[in-house]
Amino acid sequence: MYKLSPTSLNLMQECPRCFWLAIVKKIKRPDTIFPSLPSGMDKILKEHFDRFMEKNELPPELKEQECVKDCKLFDDKEKLKIWRNNLKGLEYYDQKEDVLLHGAVDNILVKGKKLIVLDYKTRGYPLKEDTHEHYQLQLDIYNFLLRKNGYSTEDYSYLLFYYPNKVLSTGEVIFDTKLIKMKTSIEAGEKIFKKAIELIKETIPEAGKECGFCKVRKNDYGKDE
């Protein structure tokens, strides 16, 4: 069985060969240093949101947003615990192709009978005009997974960005927030999933034109990239 995630599908978009080697041959790119701050922020943000969910309230950074005034936080704690788990998450298994797609969400909003994906992002600086666009694939896949699990979703999701503003004299770091509404496409999510399945079946795909890894490494087929 092959396992796919939004991270591996992003890799496919960047370099089909690196994706193929990682998924089919289990030859992954060398690990790079990853800062621990985003992981720490992710943990405390989930705890922060859960405290408000238990009170059936939205946290202040959402409560003041007009676009989510009719929403509430998803309150099935056990289900959310699974959906947040990086080793499990939301899953869809294509039995015919023997491919499992999974993705771990940060949170879910509920509007009427529909679900809306809410994803937290931590940045060191204020957003650029196109910052949110880098997460389109991720949000499309999350919505595709929710639909495959029998849930109705809105045709949009939310990205909630946190970035530092200043440090108080007492040492506390003050973060600003920005909520971005993103249109999502179930069809786009399914299309990228099917593209990945077709790529897995290939002998060995071409490398991405800008892939620095493929330019310097020698792969298992004796080709210098």
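Our subject is the structure listed above.
First things first, this report covers the structure right here in the doc. No experiment lies behind these values; they were computed from the predicted model shown.

A short note on the sheet that holds strand β2 (residues 72-73)
Hydrogen bonds between backbone groups are what pair the strands of a sheet, and the pairing can be parallel or antiparallel.
Phase 1: Within the open sheet, the 5 strands sit side by side as β2-β5-β6-β7-β8. Their pairing is mixed. In this open sheet, the two strands that pair with only one neighbour each are β2 and β8 (173-183).
Phase 2: Where strand β7 (residues 156-167) and β8 come together, 11 bridges link them in antiparallel fashion. Across the sheet, Val167 pairs through a bridge with Val173, a residue of β8.

As for the side chain of Arg29
Phase 1: On the secondary structure map, Arg29 appears in the loop between α2 (16-23) and α3 (37-54).
Phase 2: A distance of 3.1 Å separates a polar atom in the side chain of Arg29 from a polar atom in the side chain of Glu14.
Phase 3: Each residue touching Arg29, except ones within four places of it in the same chain, is listed here: Leu11, Glu14, Cys15, Cys18, Cys211 and Phe213.

A few points about the packing of helix α1 (residues 6-14) against helix α7 (residues 186-200)
Phase 1: Contact geometry for α1 and α7: axes closest at 11 Å, N-to-C directions at 70°. In terms of orientation, α1 lies roughly perpendicular with respect to α7. Here α1 and α7 pass one another in a crossing that is left-handed. Every residue of α7 that contacts α1 at Leu9, Met12 and Gln13 is listed here: Ile192, Lys195, Ala196 and Leu199.

As for the packing of aromatic side chains
Phase 1: For the structure shown, the criterion picks out 8 aromatic pairs.
Phase 2: An aromatic cluster is defined as three or more aromatic residues linked by ring pairs; in this entry it consists of Phe74, Trp83 and Tyr151.
Phase 3: When the ring centre of Phe52 is taken as reference, the NZ or CZ atom of Lys55 above it lies at 4.5 Å.
Phase 4: Between Lys181 and the ring centre of Tyr156, over which it is positioned, the NZ or CZ distance is 4.1 Å.

A look at the nonpolar core
Phase 1: Counting 42 residues, the largest nonpolar core has Leu4, Leu9, Phe19, Trp83, Leu101 and Ile108 as its most contacted members.
Phase 2: If sequence neighbours within four positions are ignored, Trp83 has contacts with Phe74, Gly89, Leu90, Gly103, Ala104, Val105, Ile108, Leu115, Leu146 and Tyr151.

Some remarks on the pairing of strand β4 (residues 99-103)
Phase 1: Taking burial as the measure, the 5 residues of β4 include 5 buried ones, the bulk of the element.
Phase 2: Burial along β4 is two-sided: the residues Val99, Leu101 and Gly103 and Leu100 and His102 are all buried.
Phase 3: With 3 bridges joining them, strand β1 (residues 2-4) and β4 adopt parallel strand pairing. Bridging across to β4, Tyr2 finds its partner in Val99.
Phase 4: What sits between the antiparallel neighbours strand β3 (residues 90-94) and β4 is a turn of 4 residues, in which Asp98 has the positive phi angle 60°.

Basis of the calculations
Residues numbered from 1 in each chain as written. Predicted model: local features only at pLDDT ≥ 70, side-chain atom pairs only at ≥ 80, totals over all residues. Heavy atoms only, no water. Pairing = 2+ DSSP bridges. Helix = DSSP H or I, 4+ residues; strand = E, 2+ residues; numbered from the N terminus. Polar contact = N/O pair within 3.5 Å; in protein donor to acceptor, adjacent residues only side chain to side chain. Contact = heavy atoms within 4.5 Å. Axes fitted to C-alpha atoms, helices over the stretch in contact; angles between N-to-C directions. Parallel < 35°, antiparallel > 145°, perpendicular 65-115°, else oblique. Left-handed = near helix turned anticlockwise from the far one by under 90°. Phe/Tyr/Trp six-rings, centres within 6.5 Å; stacked < 30°, edge-to-face > 60°. Lys NZ or Arg CZ within 6 Å of the ring centre and 35° of its normal. Core = buried A, V, L, I, M, F, W, Y, C linked by side-chain atoms within 4.5 Å. Buried < 20%, exposed > 50% of the residue type's maximum accessible area, 1.4 Å probe, protein only.

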